[in-house]
Amino acid sequence: MGTSRHVERRTVLKAAGAAAATLGLAATTGCGGDGGSGDGTVTLRYAWWGGEPRAIAIKKTIALFEKKHPKIRIKPEFTDYEAFWEKFQTQASGGNPPDVFQNAVGFLRKYDKRGVLMDLKGQADAGNLSLENFRNGVLANGQVDGKQIGIPVGANTMALVIDLKAFQKAGVTPEFGWTWDEYFTALQTIQDKLRIAGDTGYFSIMYLYDLYLRQNGKAFFTDSGLGFTEDDLTQWWEDGHKRVKSGLVADPKKVEQVKPKSALSAGLAASEFTWDNFSIRYEGEGESDYGLAPIPTGDGKDTGQYLGSLMLSAFSGTKHPEEAARFIDFMVHDPEVGTIMGYDRGILATTEQYDAFTPTDDNNKGVKAYEEEVAAAGALGKITPHPSGADVVEAAFLRIGGEVAQGKSKPADAAKALFSEAKAAFAG
Amino acid sequence: MTLVKEAPARPAGKRRPAAPAAGRRGRRRENLAGYLFMSPWIAGFLLLTAGPMIASLYYAFTSYNLFTPPKWVGLDNFTTMFQDPRWQKSVEVTLKYVVVATPLKLLLALGVALLLAQRRRGQGLYRAAFYMPSLIGASVSVGFVWRALFSDDAIVDRGQKILGVDVGGWIGNPDYVLYALVALSIWQFGAPMVIFLAGLKQVPRELYEAAEVDGAGPVRRFWNITLPMISPVLFFNVLLESIHAFQVFGSAYVVSDTRCGPADATLVYTCYLYQKGFKEAQMGFASAMAWTLVLAVGLVTAVLFRSQKKWVHYEEAGK
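Residues numbered from 1 in each chain as written. Chains lettered and ligands numbered in written order. Predicted model: local features only at pLDDT ≥ 70, side-chain atom pairs only at ≥ 80, totals over all residues. Heavy atoms only, no water.

Q: Quick question: what am I supposed to make of the overall build of chain B here?
A: What chain B contains, in helices and strands, is 14 helices and 2 strands. Over its C-alpha trace chain B gives a radius of gyration of 27 Å, far above what one expects of a compact globule, namely 20 Å for 319 residues. In terms of its C-alpha atoms, chain B occupies a principal-axis envelope of roughly 85 × 75 × 35 Å. Across the 319 residues of chain B, 42% fall into the buried class. (Helix = DSSP H or I, 4+ residues; strand = E, 2+ residues; numbered from the N terminus. Rg over C-alpha atoms; globule rule 2.2 N^0.38 Å. Buried < 20%, exposed > 50% of the residue type's maximum accessible area, 1.4 Å probe, protein only.)

Q: Would you take a moment to explain the interface of chain B and chain A for this structure?
A: Frequently, the measure chosen for interface size is the accessible area that the parts lose on association. With 41 residues of chain B at the contact, the number on the chain A side is 35 residues. For the pairing of chain B and chain A, the buried interface totals around 3400 Å² over both sides, and the portion due to carbon and sulfur atoms is 57%. Across the pair A:Lys408 and B:Asp175 runs a salt bridge whose closest N-O atoms are separated by 2.6 Å. Contributing elements (two or more residues each) for the side of chain B that touches chain A: helix 1 (20-59) and helix 12 (269-279) of chain B. Per element, the largest residue contribution to the side of chain B that touches chain A is 10 residues, and it comes from helix 1 of chain B. (Contact = heavy atoms within 4.5 Å. Buried area = accessible area lost by both parts, 1.4 Å probe. Salt bridge = Lys/Arg side-chain N within 4 Å of Asp/Glu carboxyl O.)

Q: Mind showing me how you'd approach the sheet that holds strand 11 (residues 290-293) of chain A here?
A: Hydrogen bonds between backbone groups are what pair the strands of a sheet, and the pairing can be parallel or antiparallel. All names here are of chain A. Strand order across the open sheet formed by 4 strands is 9-10-8-11, with mixed pairing between neighbours. The sheet is open, and its two borders are formed by strand 9 (197-199) and strand 11, each paired with just one other strand. Taking the axes of each pair of neighbouring strands and ignoring which way they run, one obtains an average angle of 25 degrees across the sheet. In terms of strand pairing, strand 8 (residues 158-163) meets strand 11 through 4 bridges, oriented antiparallel. Residue pairing for strand 11: Asp-163 is matched across the bridge by Tyr-290. (Pairing = 2+ DSSP bridges. Axes fitted to C-alpha atoms, helices over the stretch in contact; angles between N-to-C directions.)

Q: Looking at this structure, how should I read the domain arrangement of chain A?
A: Residue and element names in this part refer to chain A. Here chain A is described as being made up of domain 1 (42-154 + 307-360) and domain 2 (158-274 + 294-302 + 384-427). Computed over C-alpha atoms only, the centres of domain 1 and domain 2 are separated by 30 Å. Contacts between the two partners involve 7 residues from domain 1, matched on the other side by 10 residues from domain 2. For the pair domain 1 and domain 2, the summed buried area comes to about 690 Å², and 45% of that belongs to carbon and sulfur atoms. On the surface where domain 1 and domain 2 come into contact, there are 2 salt bridges. Between Asp-223 and Arg-109 there is a salt bridge; the shortest N-O distance is 3.1 Å. Taken together, the connections running from domain 1 to domain 2 amount to 2 residue pairs in polar contact (both at pLDDT 80 or more). Of the residues belonging to the side of domain 1 that touches domain 2, the class tally is 2 nonpolar, 1 polar and 4 charged. (Domains from an automatic or database assignment. Polar contact = N/O pair within 3.5 Å; in protein donor to acceptor, adjacent residues only side chain to side chain. Nonpolar A, V, L, I, M, F, W, Y, C, P; charged D, E, K, R; others polar.)

Q: Please explain the sheet that holds strand 1 (residues 42-49) of chain A as it appears in this structure.
A: All names here are of chain A. The 5 strands lie next to each other as 2-1-3-12-6, forming an open sheet whose pairing is mixed. Of all the strands in the sheet, the pair left with one neighbour each is strand 2 (72-79) and strand 6 (151-152). Strand direction decides the pairing type here: strand 1 and strand 2, joined by 8 bridges, are parallel. Within strand 2, the residue paired with Val-42 across the bridge is Ile-72.

Q: What exactly am I supposed to notice about the pattern of salt bridges here?
A: Should their charged atoms come close, side chains of opposite charge can pair. All names here are of chain A. Enumeration according to the criterion identifies 23 salt bridges over all chains in this entry. With a shortest N-O distance of 3.5 Å, Asp-334 and Lys-68 are connected by a salt bridge. Within this pair, whereas Asp-334 is found in the loop between helix 12 (321-333) and helix 13 (335-341), its partner Lys-68 is found in helix 2 (residues 52-68), the two being separated by 266 residues in sequence. Owing to a relative accessible area of 14%, Asp-334 belongs among the buried residues under this scheme.

Printed below as a string of structure tokens:
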């Protein structure tokens, strides 16, 4: 085959066309749509994290919203927790986060500081969003420096999930106001009688340590930093490590190996601290019966508990602030949405939704009873602030706590490492 | 094809004068066509490779959290990096991985290539079967399969228990989990194996025949003929596989459930880089890490190239 030295004009044009097409393609994929269209229909992007059941329920609520608001379309985006925040960070830094998204207290200040979150007070004043009827003062969870940057959809609190059969067999009954000493004695009894560990690894849970600190007049976070000392943490981790070695707390290697199952449902231990609305997972995973028990205390009274919550936030730069506000309003107040969502994101935050949903299964009934009990005990305090960088600190706490448990790090060194990582996180 | 000096006769009307000016114009036009055909690639290279690389080189000297504009900090990122215990840990983990995984993988690749180089029935099938893992090995799903194989009470654990070794799965055990990654790397020995096979085919038969006549056994033949003759191929594989090993990410990320743990046991370099960049939003630090890796890999490559003289035999040099 011979090549002609004289390339035909047509070839040149074709090549030019191909090149232009490629560049054009790159250009169009580079930018997102602005959500508007000719007939006045507005499209909002709505993003959340969570598992399959939550996605199914939320899609139902979206369909309901679109039926009632035919001029607004909702484009859902969902992933798991880790992926959500990685994606969100990239989107937000590029000025293209979703219009409405699920949020949590650990991220409020971080993204407020970066100007990503809309102050919804303005929309409330304009009548597009109601800030009324929130239960137990939970609305305050979405406030930072006088701004309302999150609207709670649910409320939850820390609980001790126990393997009922194991506790019965060991003859241990958890009671309101029990102390940490009594709790650890109970774990010892369980170990002696059943030959299994009592707990799955309490000392790596940042939110539990927060409760412990609050019981002692401190808190995990202050507005801008950590509310405890390196010595406090060294002590906490040293005790934890001792209990792993003595078998009171489950072998961390095993805990790691049974993932994604929890160590409690895998039968490695008889109890686990977690958020009360997460407790629903255990029935599905494990073979025993599970129940909610109170948090141990220091003085027999103060549990240090407060209501945490998931919330909805809007992007400060959204092209459709009014529609975004209306959408959030619908999602937190509409009674039908309440019956669809149930307690998936915590106990429903507004009275409209709370009254509309009556739990029928034992799990949800249990969560409701537990929270009512906690509220009735008068133990609920106010949430402590989470500074910007709290999310990074939480991940570090879990990781470094795991290193202590695995015997890969000495408690004193670990506490030092956490403090240095926290310093960097708060500065970022 | 024969080379023609004179251009074939053209119809009189279209004939062009053979003036030098026209030739230049033709060449220019040909060049233009070439560039136009290349332009999608060039645009892609500039936009997606060269641009980001230059940008990241700049970010390496800044503090940059993606939101506020990058702030010039000079060498700060590098000094904090070298003092960061987790960075040191990631270097340690990566070196361990490279030093253990690369030789084992190449050893297996060479061993299997030697077996497959002999003529036997169905050798095409064997070659395809051994090559297959290299094709699918980089996928996320294989990472999940690996996790399932090496976790507690899974097939590997049960097999070990039968042999009386009870470590309870490799995934949750900081002392073993890295070796699950090493195993995954070794399993993908297909690519270097194919290259070894090609190398083995190049070794002249006469050498073996001559050696046999002189009474050399198989081991002797391997050490004195095969190995020196394939040393350029071996060099190529060592180079490629070690560079590859330095950049391991996907398997570590998936097998250890995005946390590169437990207890940072699989915190390979790129995993830490990813965490710093995308979880903690320290893009400046992450860029500094990336460029340090580039320099380190460059250094290793240079050392390997230097070492060639000692052990790589090229035919030209031998003659």
